[in-house]
Amino acid sequence: MSSPGMSTSISSSAQRLMFTLFLLALLILVASVLSSDTAMPTQNMSHKERTELREEARDMFYHAYRAYMENAYPADELMPLSCKGRYRGVTPSRGDMDDILGNFSMTLVDTLDTLVLLGDFTEFEHAVKLVIRDVQFDSDIIVSVFETNIRMVGGLLSAHILSEYLQKQVDVMHWYKGEMLEMARELGYRLLPAFNTSTGIPHARVNLRHGMKDPMLKKSRETCTACAGTILLEFAALSRLTGDPIFEVRAHAAMDALWKLRHRGSDLMGTVLNVHSGDWVRRDSGVGAGIDSYYEYLFKSYVLLGDDKYLARFNRHYNAVMKYVSEGPMLLDVLMHRPHAKSRNFMDSLLAFWPGLQVLSGDLKPAVQTHEMLYQVMQMHNLIPEAFTVDFQIHWGQHHLRPEFIESTYFLYRATGDHHYLQVGKRALKTLQQYAKVSCGYAAVNDVRTGKHEDRMDSFVLSETFKYLFLLFSDPQDLIINVDEFVFTTEAHLLPLSIAQLGNATFSFRQSDEHNVLDFMRTCPSSNKLFPEKVRKPLRNFITGSCPRTSSGKRLSALDFQASNADHLRAVYDMGITMVSVGDRSQGKAKSHEEGEMGLQFMQEMLELTKIQSMNQLAQLQAVAYATDEKLQDWTALMAGPSHFSPELIGEQFVEGDIILAKPLRACDEKLNQEEDGDDARGKVLVAERGDCTFVSKARLAQKAGAVALIVCDNVPGSSGETQPMFAMSGDGTDDVLIPVVFMYNVEFSKLAAVMKRREHPLRVRIMQMVEFKRWQLAKEGRQNDTTASTQKPDREL
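An account of the accompanying structure is given in this report. (Residues numbered from 1 in each chain as written. Predicted model: local features only at pLDDT ≥ 70, side-chain atom pairs only at ≥ 80, totals over all residues. Heavy atoms only, no water.)

1. Brief notes about the pattern of salt bridges
All told, the structure shown has 44 salt bridges when counted by the stated rule. Put simply, Glu 52 and Lys 48 hold a salt bridge, and the shortest N to O gap is 2.6 Å. Of the two residues, Glu 52 and Lys 48 are both situated in helix 2 (residues 47-71); the distance of 4 residues between them amounts to about one turn of the helix. According to the relative accessible area criterion, Glu 52 is partly exposed, its value standing at 43%. One salt bridge in this structure joins Arg 449 and Asp 447, with 3.0 Å as the shortest N-O distance. When its relative accessible area of 55% is taken as the criterion, Arg 449 is described as exposed. (Salt bridge = Lys/Arg side-chain N within 4 Å of Asp/Glu carboxyl O. Helix = DSSP H or I, 4+ residues; strand = E, 2+ residues; numbered from the N terminus. Buried < 20%, exposed > 50% of the residue type's maximum accessible area, 1.4 Å probe, protein only.)

Shown next, in the form of structure tokens:
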């Protein structure tokens, strides 16, 4: 984790990246640099000892958790030496450091998903009830956008996801109806004013009640790269879980703006920039404080969302870092515009996340080296200091119980199976017990040379540090969930890989000339091979010293083909197939008759696959159809999205009725369409605007009012199904909605509203599957010569 202005990089374990044995047979050259002859622990750890350490990690968590709950809750943090809570505006101010505090019980929210991983469902349920009852965001307080997003929004989303998971898998918490998702949405909206800048890069801070109108924020100009670039995972998940695209749109825009500000010669980023002009304020470039989790979120955005451009961007930056910043096992900041000039002679502890990210991206050797260097620093000083010099002396002596080193240790163990990393984890655990444990929790160390404590226990101690320790000593069967099906955010919150299936507003690099195939091939092994686009499941193969090659013995099928894969491009070229840009008339020629036959079969498969994909996409769409003439002869349809909580209209099923507007329009009032000026909703198709309450709440009220169907229209001007992904509205787990409910974007509904306004009589609409409407239209065209049909209303046959 990080203090304000600095960012933590917690690489994700959910990425499904698991390699097999890696032989740690080399004694890293760091040992000689450090002049340390300390023997490296290499003996295997018994199952008994590992179990004991897992339980000790559990006990450490509860010692800190209970100290917080009994002495600090509902404060944001525990002050372990004072044994009381830290409240914003009450406890003596620490300056900008207090911008992480919002008087919203941050430690409890940040800790919720750790309780699930520990299998403590009873305490998790109790904690969720406390959060729903006590936490509110309408406070006149300026907070860090970055910290509030990763700790609070991420914590609420992860807890919501796991609550629904436990409902299904463990048969508990049936009372939960998505309250934390709504809390996350509310908090997201309170952060959105920070994004109103000329560049799209968010301000560093925002007032929870007044947005950017707070006088204290009038001179707000600067933010760090990590602060602006560590938003997308949480905001994309928030959009896809709520169906509200604004969060993901703003986060993508911020990432795009940051990418444009890279130095085009070095591909490096600076650390601090002006959010209005885009000018760099600090041009130091490294992988530590102020920039770290930007790199992490580039890679994890590709893993979670499947957007190729983020993989390409990560690889460009990664190659630059390894070229200019990496000095053997050390990582030293340089100037982005003069990358051969070092900008400082010390390293900060936040860079300890980097080996974990290298493991996830497949570059294991330098990960082992940097991790070993950090382990030697820890052995030299007992705890890794906040910053240390190139000769490994203390630069800043604090130790804030940060999780980054333990996180990287965990990923290296998962990647290699080498018990060396269990021994490293044991050393880290025992060191925390010896130097940080106090009677009321765990206290940060003010100076590792003296061991003096600081009255501080950050929320990330419970959210990350103890979580990664527990995971390190746990076997997969020890856990209630399969962590390989999740991405861990920078705050170690869990987001499921299935989020990508809820809709994808991202686009492939093939639609842009910004990247080329080389951007997807520069890591070793290639991330295209480790993370195929269609699945990103764990692999258990590790390649030492060379990049893997695709076998040429198996014929490439259209289903497996990826245009971002250089080996696939070579394979189709050998078949005589050339992929060209529009206007390029170059032709391919098969290398042999056999290759030509394979190419023909490949193209036939590709055509069939395209047809299947088009039909599958069409089958998901709903149609709101209406007649364009008074005789009900000619009909047209506008696209709409389905819902998960209402009956699915399939085959020849449809619902028909006159369309009316809800009063009040957002349909969140129990007296829906019961006022004197409201039309009777009974037997009608009701239209409600998105906002103020959940989709399913609107549906229940519409059903109660007697409507036969509900259309929810978007409240974002200009939104359209032509440019944005259609999504299925989610419910709360209770299946009591019996009327069809569909969603229309703003542009499509505006067309419908214009027709409603022109008609003297109520407009009659049909809600049905789009694919059935298309079939119905084709059938009508085949019967146009039937004069009887021309004078009748379209029949029920679809």
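From this point, the narrative continues.
2. Quick look at the sheet that holds strand 12 (residues 338-342)
What the 3 strands build is an open sheet, ordered 8-11-12; its pairing is antiparallel. Taken across any chain shown, the strands that pair with only one partner, and hence form the sheet edges, are strand 8 (284-285) and strand 12. For strand 11 (residues 334-335) and strand 12, the ladder comprises 2 bridges, and the chain directions are antiparallel. Across the sheet, the residue bridging to Leu 335 is Arg 338, located in strand 12. Sheet strands touched by helix 11 (residues 308-325): strand 8, strand 11 and strand 12. Its angle to strand 12, the strand with the most contacts, is close to 40°. (Pairing = 2+ DSSP bridges. Contact = heavy atoms within 4.5 Å. Axes fitted to C-alpha atoms, helices over the stretch in contact; angles between N-to-C directions.)

3. Thoughts on the pairing of strand 22 (residues 622-627)
Within strand 22, 6 of the 6 residues are buried, which leaves the element mostly enclosed by the surrounding structure. Burial along strand 22 is two-sided: the face carrying Gln 622, Val 624 and Tyr 626 and the face carrying Ala 623, Ala 625 and Ala 627 are both buried. Here 6 bridges tie strand 22 to strand 23 (residues 635-640), and the two strands are oriented antiparallel to one another. The residue bridging Tyr 626 from the neighbouring strand is Thr 636, located in strand 23. As paired elements, strand 22 and strand 28 (residues 764-769) share 5 bridges and run antiparallel to each other.

4. Details of unusual backbone geometry
Going from Tyr 73 to Pro 74, the amide bond is cis rather than trans, its omega being 10°. Residue position: Pro 74 is located in the loop between helix 2 and strand 1 (77-79). Between Lys 663 and Pro 664 the backbone carries a cis peptide bond, its omega angle lying at 0°. Relative to the helices and strands, Pro 664 is located in the loop between strand 24 (655-661) and strand 25 (685-689). The phi dihedral of Cys 83 is positive, around 60°, even though this residue is not glycine. By the element assignment, Cys 83 lies in the loop between strand 1 and strand 2 (84-86). Here Cys 83 falls in the partly exposed class, since its relative accessible area comes to 29%. Its identity as a non-glycine residue notwithstanding, Phe 392 has a phi of 70°, on the positive side.

5. So, helix 15 (residues 420-435)
Taking 1.5 Å per residue as the helical rise, helix 15 with its 16 residues ought to reach 22 Å, and the 23 Å between its terminal C-alpha atoms agrees with that figure. Those residues of helix 15 that sit buried are His 420, Tyr 421, Leu 422, Gln 423, Val 424, Gly 425, Ala 428, Leu 429, Thr 431 and Leu 432. (Expected span 1.5 Å × (residues − 1).)

6. Some words on the state of the cysteines
All told, the structure shown has 3 disulfides when counted by the stated rule. In this model Cys 83 forms its disulfide with Cys 440; the gap between the sulfur atoms is 2.2 Å. On the sign convention where negative is left-handed, the bridge of Cys 83 and Cys 440, at about 75° about the S-S bond, is right-handed. A residue pair is termed long-range when its members are at least 10 positions apart, and Cys 83 in the loop between strand 1 and strand 2 and Cys 440 in the loop between strand 16 (437-438) and strand 17 (441-442) qualify at 357 residues. Cys 440 sits in the buried class, given a relative accessible area of 3%. Should the bonded cysteines of the protein be numbered as they appear in the sequence, the pairing reads 1-4, 2-3, 5-6. (Disulfide = S-S within 2.5 Å.)

7. Observations concerning the packing of aromatic side chains
In the structure shown here, the tally under the stated rule is 24 aromatic pairs. Between Tyr 318 and Trp 354, the aromatic rings sit 5.6 Å apart at their centres with planes inclined by 20°, giving stacked as the arrangement. With Tyr 318 in helix 11 and Trp 354 in helix 12 (residues 354-361), this residue pair connects regions lying 36 residues apart in the sequence. Of the two residues, Tyr 318 and Trp 354, both sit in the buried class. Each residue in the set Tyr 294, Tyr 295, Phe 299, Phe 314, Tyr 318, Phe 353 and Trp 354 is aromatic and connected to the rest through ring pairs, giving one cluster. The cationic tip of Arg 262 hangs over the ring face of Trp 259; the distance from NZ or CZ to the ring centre is 3.8 Å. The ring of Phe 654 is capped by Arg 766, whose NZ or CZ atom sits 4.0 Å from the centre of that ring. (Phe/Tyr/Trp six-rings, centres within 6.5 Å; stacked < 30°, edge-to-face > 60°. Lys NZ or Arg CZ within 6 Å of the ring centre and 35° of its normal.)

8. Examining the sheet that holds strand 22
Strand pairing in a sheet takes place through backbone hydrogen bonds and is either antiparallel or parallel in direction. Spatial strand order, 23-22-28-24-25-26-27: 7 strands in an open sheet with mixed pairing. Two strands bound the open sheet, and with one partner strand each, they are strand 23 and strand 27 (741-744). The mean inter-strand angle of the sheet, taken between neighbouring strand axes irrespective of direction, is 35°. Pairing geometry for strand 24 and strand 25, over 3 bridges, is parallel. Across the sheet, residue Ile 659 finds its bridge partner in strand 25, namely Val 685. Those strands touched by helix 20 (residues 695-704) are strand 25, strand 26 (709-713) and strand 27, and its axis lies near 145° from that of strand 26.

Geometric values such as these leave the question of function open.
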